[in-house]
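# Understanding the architecture of this molecule
Okay, here's what each chain looks like letter by letter:
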Amino acid sequence: MSRKLKFFVVLLVFCGFTLNSYAQLLPSFAFAGGVTAGWHFNPVKNLNTELKNAGFPELSESGFFTTGGGGFIDLPIKSNFLRIGGFGNGFSSRITKQVNDTLKKDANYSLGQGGFSLEYIMPLGSVIDISFGSKFSTGTLKIELYKYGNDLGNYTNSFNEFQSNGSTGNIARTYKSRFYTVQPQVGIGIMLRKFMYLKIDCGYQIGAQNTWRVDNDVEVTNFPSGIEAKGLVLNVGLNFGLFIRD
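It is worth spelling out the overall build of the protein at this point. The helix and strand tally for the protein stands at three helices and ten strands. Taken from N to C terminus, the helices and strands of the protein fall in the order α-β-α-β-β-β-β-α-β-β-β-β-β. Contacts in the protein between residues far apart in sequence, at least 24 positions, make up 72% of those at least 6 positions apart. When the accessible surface of the protein is totalled, it reaches about 13,800 Å², and 60% of it is carbon and sulfur.

Encoded structure:
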């Protein structure tokens, strides 16, 4: 966890302790934030076909572990709440293959995104609530491919490759594509303490994706289809802050 995120969580806990002492003077609402972890079942079958054809190892097709964080505020609507939030999360996976004694091939696959969420919260008593809503995000899907020999770690050898106009055995490519998604989801919230709230969500991410670009922002017009930022998403968040319910 970064220092800024740690500071944010500590600040929310402090505010929660302080403001809970004056809860009877305030209307029903909530203000909280924290960390999240989850699993993104992002489909990689088409990507694995391309990797296999190029002699790279294949990515796991069982999904990717995600981490992130965010915050939200609950606004009362009669006996229920409208929740407005912000979030950021992502995943990264690295695979490597020793082709022979002098050659390796690596592939890094990653997704990073951020955005906002809108949810309708229905309390089922003072401890449990259910939610219906959606997340809206933008981010970048990235594929990094590397083929290199044992001499890559030598500065003189690697830098001299730029001085030469001939071919080289060391190749690196970075493909990126910006995406825009919507993620309908349902969830359940549990008040563990007056200032601590556990949230479990299940949603499906869909959206649109820009043209793929490689290295120095060069457009790739014939990039293979089916490599997208979508799929089933499961998230668990632990939030700290102020929770006031009538």
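So, next bit.
A few words now on the pattern of salt bridges. This model, assessed by the stated rule, comprises seven salt bridges. Measuring nitrogen to oxygen at the nearest pair gives 3.0 Å for the salt bridge that ties lysine 199 to glutamate 119. One end of the pair, lysine 199, is in strand S7 (residues 196–209); the other, glutamate 119, is in strand S4 (residues 103–123), with 80 residues separating them in the sequence. Each of the two residues, lysine 199 as well as glutamate 119, counts as buried. As a salt-bridge pair, arginine 173 and aspartate 215 come within 3.6 Å of each other at their nearest N and O atoms. One end of the pair, arginine 173, is in strand S6 (residues 171–193); the other, aspartate 215, is in the loop between strand S8 (212–214) and strand S9 (218–220), and 42 residues separate them in sequence. Using a relative accessible area of 37% as the deciding quantity, one classes arginine 173 as partly exposed. On the basis of relative accessible area, aspartate 215 is assigned to the partly exposed category, the value being 42%. Taken together, the shared-partner salt bridges connect Glu119, Lys199 and Asp201 into one network.

In this section: helix H2 (residues 45–53). Three or more residues of H2 are buried, namely Leu47, Asn48 and Leu51. For H2, the angular spread of buried residues about the axis comes to 100 degrees, placing them on one side. The outward face of H2, more than 90 degrees from its buried face, is lined by the exposed residues Lys45 and Asn53. In this fold, the buried residues of H2 make contact with strand S3 (80–98), S4 and strand S5 (128–149). Note on H2: the residue one or two positions beyond its end, glycine 55, has a positive phi of about 85 degrees.

If you look at the biggest cluster of nonpolar residues, it comprises 22 residues, and the most contacted ones within it are Leu51, Leu59, Tyr109, Ile143, Tyr175, Trp212 and Ile227. Only H2, S3, S4, S5, S6 and S8 provide two or more residues apiece to this core. The contact partners of isoleucine 143, leaving out residues within four places of it in the chain, are Leu47, Asn108, Tyr109, Arg173, Thr174, Tyr175, Trp212, Phe223 and Ile227. Of all hydrophobic cores here, the second largest spans six residues; its members include Ala30, Ala32, Phe72 and Tyr197.

What counts and what doesn't
Residues numbered from 1 in each chain as written. Predicted model: local features only at pLDDT ≥ 70, side-chain atom pairs only at ≥ 80, totals over all residues. Heavy atoms only, no water. Helix = DSSP H or I, 4+ residues; strand = E, 2+ residues; numbered from the N terminus. Contact = heavy atoms within 4.5 Å. Areas by Shrake-Rupley, 256 points an atom, 1.4 Å probe, with all protein chains shown as cover. Salt bridge = Lys/Arg side-chain N within 4 Å of Asp/Glu carboxyl O. Buried < 20%, exposed > 50% of the residue type's maximum accessible area, 1.4 Å probe, protein only. Arc of directions from axis to C-beta. Core = buried A, V, L, I, M, F, W, Y, C linked by side-chain atoms within 4.5 Å.

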